[in-house]
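A look at the structure
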Amino acid sequence: MSRFWSPFVKDLVPYVPGEQPKLSKLTKLNTNENPYGPSPQVLEVIKAEAGDALRLYPDPNSDVLKSAIADYHGVSASQVFVGNGSDEVLAHVFHGLFQNGKPLLFPDITYSFYPVYCGLYQIPFEAIPLDESFQIRIEEYRGINGGIIFPNPNAPTGCFLALAEIERLLSVNNETVVVIDEAYVDFGGETAISLVDRYPNLLVTQTLSKSRSLAGLRVGFAVGHPDLIEALERIKNSFNSYPLDRLAQMGAAASFADQSYFEQTCNAVIAERETMVSRLEALDFQVLPSAANFVFCRHRHRDASELAAGLREDGVIVRHFNMARIDQYLRITVGRPEDSQVLFNSLQRLLLVN
Ligand SMILES: *Cc1c(COP(=O)(O)O)cnc(C)c1O
């Protein structure tokens, strides 16, 4: 009954997550999950933690996890913030660092949660068009702004922007916070964490959902100057003192200890991505260069929403965005080779008809 709502609630336009179907027989290539499970060492740690200790609240500061992240990335724990998925980290970023009255800048084609957070926190924004080949053009981000955010690699394009370009942006934009959302960086990008010591207005976010195969555990983090981190801690401690439960803190920390599993599974995804790209091109798809665990592609002659519907009939779910500029594209998550087999069997069937 909306008459009981706080007035702003009726104007919210919430994010629509990719479908999580209840049927398990489907080939699920729509939300960029990792096809390889979490490291067995992570599962062991989580099982060990799932005992009597659950009666106690977790560490509100997630110190063990912060140290694991800090050690892994060669920063100090005071430069690390952790949250319940990087979506939560981003929410606190928008609330604590972007709510300054000036427009936030991000690409017109990007992670669709950004405008949602702008709505939630009433932040004006300006969407800067990607160029014709869907690349970010750094010189377009030089206007007056209350902050800048984009994923690198970008989503849903998969395109990676060289670190030198980010540094070029930071060298001219030093009055507002620049956030690089590196949800997919482990699949072929290069992290900007190496720049945080030189640029106190740079914040880098990452997630364990994709490259560490822990989407169900909900862990993300940010790395940046301690002053930026403190703003996030203030928001977090005014919102929920315990966003990460015991299983999440311990399991996430353990994932940074199993480097060989991490590398092996990332490399398997990267190798399968390259195979997918050639097979898609052979079927007359145009594929954007991807440094992520998905490919963004369009068929030269066939309608994207019809292809998505046809794939679904064969039990293959991909993501189609009904949005300007990209409505003829499909975003397809890289799965195991056997997932690709199902995908390409279906595509071959669909493309033979007509
Ligand atoms: C998946 C994704 C996230 C969110 O990751 P979670 O940690 O699972 O909340 C953030 N940004 C981008 C660009 C993503 O694709």
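Presented here is a report on the structure given in the accompanying data block. Since the model is a prediction, treat every value here as computed from it, not as a measurement.

A word on the pattern of salt bridges
Counting across every chain of the model gives 16 salt bridges. Put simply, Arg349 and Asp314 hold a salt bridge, and the shortest N to O gap is 2.9 Å. Here Asp314 lies in the loop between α9 (304-313) and β11 (316-318) and Arg349 lies in helix α10 (residues 337-352), a separation of 35 residues in the sequence. Salt bridges sharing common partners tie together Glu132, Arg137 and Glu140.

Comments concerning the sheet that holds strand β9 (residues 285-287)
Whether parallel or antiparallel, the strands of a sheet pair through hydrogen bonds between backbone atoms. Across the sheet, three strands lie side by side as β9-β10-β12; this open sheet has antiparallel pairing. Edge positions in the sheet fall to β9 and β12 (330-333), since each has one partner strand and no second. Strand-to-strand twist of the sheet, defined as the mean angle between neighbouring strand axes without regard to direction, takes the value 40°. In this structure, β9 lies alongside strand β10 (residues 294-299), joined through three bridges in antiparallel fashion.

Describing the sheet that holds strand β5 (residues 147-151)
Here seven strands make up an open sheet; going across it, the order is β2-β8-β7-β6-β5-β3-β4 and the pairing mixed. The open sheet has two edge strands with one neighbour each: β2 (80-83) and β4 (125-128). The mean inter-strand angle of the sheet, taken between neighbouring strand axes irrespective of direction, is 20°. Relative to strand β6 (residues 178-181), β5 is paired through four bridges, and the arrangement is parallel. Along β6, the bridge assignment pairs Pro151 with Asp181.

A word on the packing of aromatic side chains
Geometry of an aromatic ring pair is reported as the spacing of the ring centres plus the angle between the planes. Scanning all chains against the criterion turns up 18 aromatic pairs. Site record: aromatic cluster; members linked through ring pairs are Tyr15, Phe94, Phe98, Phe106, Tyr111, Phe113, Tyr114, Tyr117 and Phe125. Residue placement shows Arg212 over the ring face of Phe262; its charged tip is 4.0 Å from the ring centre.

Regarding the site of the ligand
Around the ligand, the neighbouring residues are Gly85, Ser86, Asp87, Tyr111, Pro151, Asp181, Ala183, Tyr184, Thr207, Ser209, Lys210 and Arg218. Between Lys210 and the ligand, the recorded distance is 2.9 Å, taken from a side-chain N or O atom to an oxygen atom. Looking at which element gives the most residues to the shell around the ligand, the answer is helix α3 (residues 85-97), with three residues.

Here is what the cut-offs are and how they apply
Residues numbered from 1 in each chain as written. Predicted model: local features only at pLDDT ≥ 70, side-chain atom pairs only at ≥ 80, totals over all residues. Heavy atoms only, no water. Salt bridge = Lys/Arg side-chain N within 4 Å of Asp/Glu carboxyl O. Helix = DSSP H or I, 4+ residues; strand = E, 2+ residues; numbered from the N terminus. Pairing = 2+ DSSP bridges. Axes fitted to C-alpha atoms, helices over the stretch in contact; angles between N-to-C directions. Phe/Tyr/Trp six-rings, centres within 6.5 Å; stacked < 30°, edge-to-face > 60°. Lys NZ or Arg CZ within 6 Å of the ring centre and 35° of its normal. Near = heavy atom within 4 Å. Polar contact = N/O pair within 3.5 Å; in protein donor to acceptor, adjacent residues only side chain to side chain.

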